[in-house]
Amino acid sequence: MERATVKGRVKYSKTSCYLCSEWLDDNAVEKHLLYCRQQQIVCPNRCGAIVQHKTLQLHLNSCRASYGEPKTSKNIHKTTARTSNTMSQNEQNDETIVNDVLTVEDLIFSLEKSIREIRYAISGINFRMYYVEERVDGLAKACNGLSAKLCEIAATGGEEINQELEDIKAKLSRLAISPSLGNIIGGSETSPKPVEDARAPAELAIYETKIKELEQQVLKYRQENYYTKKRVDDIQSHLKMAYYQAGLASQNGRIIWRINEFAKCLADAKEFGVMMRGPIFSHTQNGYILQVEVGLDGIGNWRGRNMVIGVVVQPGPYDTLLKWPCRLNATLILHDQADDREHRKNIIKPLVVKQKLEAERSKQYVHIAHETLRGCSYVRDDCLMLEVIIESEVGSSSK
């Protein structure tokens with residue numbers, strides 16, 4: 001019974017706002033409804049629009065009534081009076097909060113765009129690292145085999161030399177304690193075994209010759225060990241250079257880029273506005289480092305209607321030896337993948353290769369309309385084939 005009585009005395013003290021669903025105390029509901037961000041109000045410029053509190057500032061920025069009459073001091077005072085009568089200090093604070101929220105949303109969009117570009121770059125790096133690791137593994141196995149063979153030779157040779165030295169020391173010790181050798185060293189005229197006394201100097205000469213030969217062999221092995229270490233250091237430096245060169249798709253100024261999952265990449269480009277980056281290559285050996293960039297949904301005025309393609313110069317290890325600024329003539333080919341090779345209609349366009357941040361950007365990018373891509377067989381099996389051929393160097397002076 002007590003429990004039922006207690007339950008009967010329970011009173012709800014929270015109420016949900018029917019506009020924004022925020023939970024409020026009963027005594028704060030009416031005050032909240034006056035300034036709720038979801039509350040709809042009439043535009044203070046009297047344009048007839050009804051907007052929410054949270055989007056009021058956005059509407060005022062584009063309200064047609066704001067631009068209907070010249071901004072004289074009289075009109076400014078009128079607008080100020082209307083605004084001050086309609087909006088309270090709390091509403092102005094809400095506008096500030098809305099602006100802050102919009103700024104944060106812009107930052108989040110920019111960060112998401114940067115993250116997507118980083119993911120594209122990482123996928124390209126992983127694609128190139130796969131081939132680099134295979135080549136490095138092969139070279140590492142060859143180096144390990146060479147090192148093992150050299151260690152085996154050095155160990156075998158060292159054991160043989162040590163064994164021969166031990167044998168010589170044993171024989172010399174036996175000669176040193178023999179009576180005949182003691183008599184020869186002491187100068188005694190009496191000799192119980194004259195035949196052995198006569199052989200001792202000859203054996204010593206033989207052992208001395210053998211020791212000299214062994215010393216020469218030890219010196220030879222030391223020299224071979226030094227040259228082996230030097231060779232291993234050279235191989236390591238060559239491996240580093242091979243690692244760098246293996247990361248390049250080509251070194252003859254010609255590259256074919258197969259863009260897989262074209263539909264997905266196009267949808268991502270429309271949503272995030274990112275540029276795809278292709279494989280890295282060089283126009284010649286030890287030349288400029290180049291990379292193809294593609295905006296599947298276009299950039300700037302071409303966005304939404306064209307695919308934009310360009311080739312930019314990236315930093316490389318031999319830049320100090322090359323001519324700057326870089327100007328290279330290139331040819332872009334969009335391949336038609338039709339089965340009938342004789343009737344293929346490849347799209348061929350010229351472009352100029354240069355650094356991305358240069359002020360003069362004419363002919364650095366070419367565009368191909370989306371309607372053109374839908375024709376022929378430019379997109380087949382959800383993939384696109386782009387080829388870039390570096391023709392010649394234009395010069396080092398910019399216009």
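This one's a predicted model, so the numbers in the text were calculated from it and none came from an experiment. (Residues numbered from 1 in each chain as written. Predicted model: local features only at pLDDT ≥ 70, side-chain atom pairs only at ≥ 80, totals over all residues. Heavy atoms only, no water.)

*Asks:* What should I look at first to understand the sheet that holds strand E7 (residues 289-295) in this one?
*Replies:* Strands belonging to one sheet form pairs held by backbone hydrogen bonds; the direction of such a pair is parallel or antiparallel. Taken in spatial order, the four strands line up as E6-E7-E8-E11 in an open sheet, and their pairing is antiparallel. In the strand order of this sheet, the two ends are held by strand E6 (276-282) and strand E11 (365-369), each with one partner. Taking the axes of each pair of neighbouring strands and ignoring which way they run, one obtains an average angle of 20° across the sheet. Where E7 lies against strand E8 (residues 306-314), seven bridges are found, and the strand directions are antiparallel. When the bridges of E8 are listed, Val292 appears paired with Val311. (Pairing = 2+ DSSP bridges. Helix = DSSP H or I, 4+ residues; strand = E, 2+ residues; numbered from the N terminus. Axes fitted to C-alpha atoms, helices over the stretch in contact; angles between N-to-C directions.)

*Asks:* Explanation requested: the pattern of salt bridges in the structure shown.
*Replies:* Proximity of charged atoms lets side chains of opposite charge pair with each other. Applying the stated rule across the entire model yields five salt bridges. Here Glu293 makes a salt bridge to Arg277, at a shortest N to O gap of 3.4 Å. Placement of the pair is Glu293 in strand E7 and Arg277 in strand E6, with a sequence separation of 16 residues. Take Glu293: its relative accessible area is 2%, and that puts it in the buried class. Given the relative accessible area of 30%, Arg277 is considered partly exposed. With its nearest N and O atoms 2.6 Å apart, the salt bridge here joins Asp339 to Arg380. With Asp339 in the loop between strand E9 (328-334) and strand E10 (347-353) and Arg380 in strand E12 (residues 379-380), this residue pair connects regions lying 41 residues apart in the sequence. Overall, Asp339 belongs to the exposed group, its relative accessible area being 63%. Judged by its relative accessible area of 29%, Arg380 is partly exposed. (Salt bridge = Lys/Arg side-chain N within 4 Å of Asp/Glu carboxyl O. Buried < 20%, exposed > 50% of the residue type's maximum accessible area, 1.4 Å probe, protein only.)

*Asks:* I'm lost on the pairing of strand E13 (residues 383-393) in this one. Help?
*Replies:* It is a general feature of regular strands that their side chains alternate between the two faces of the sheet. Judged by how many residues are buried, E13 sits mostly within the fold: eight of eleven residues are covered. Here seven bridges tie strand E5 (residues 254-260) to E13, and the two strands are oriented antiparallel to one another. Looking at E13, one finds that Arg254 is bridged to Ile389. Here E9 pairs with E13 via seven bridges, running antiparallel. Residue pairing in the sheet places Leu328 in a bridge with Glu393 of E13. Linking two consecutive strands that pair antiparallel, namely E12 and E13, is a turn of two residues; a positive phi of about 55° is found at Asp381 within it.

*Asks:* What is the right way to read the nonpolar core from this model?
*Replies:* One recurring pattern in soluble globular proteins is that nonpolar side chains are buried together. Judged by nonpolar contacts, the single largest core of 38 residues is most densely connected at Leu290, Val292, Leu296, Ile309, Val353, Leu384 and Leu386. A total of five residues in this core trace back to one element, the largest contributor, which is helix H8 (residues 262-272). Non-local contacts of Val353, meaning those with residues more than four positions away in its chain, are made with Leu290, Val311, Val313, Cys326, Arg327, Leu328, Ala330 and Ile390. (Core = buried A, V, L, I, M, F, W, Y, C linked by side-chain atoms within 4.5 Å. Contact = heavy atoms within 4.5 Å.)

*Asks:* How should H8 be read in this particular structure?
*Replies:* One turn of an α-helix holds 3.6 residues; hence residues three or four places apart share an orientation. Of all the positions in H8, only Phe262, Cys265, Leu266, Asp268, Ala269 and Phe272 are classed as buried. For H8, the angular spread of buried residues about the axis comes to 160°, placing them on one side. Away from the buried face of H8 by more than 90 degrees, exposed residues Lys270 and Glu271 are located. At the exit of H8 stands Gly273, carrying a positive phi of roughly 65°. (Arc of directions from axis to C-beta.)

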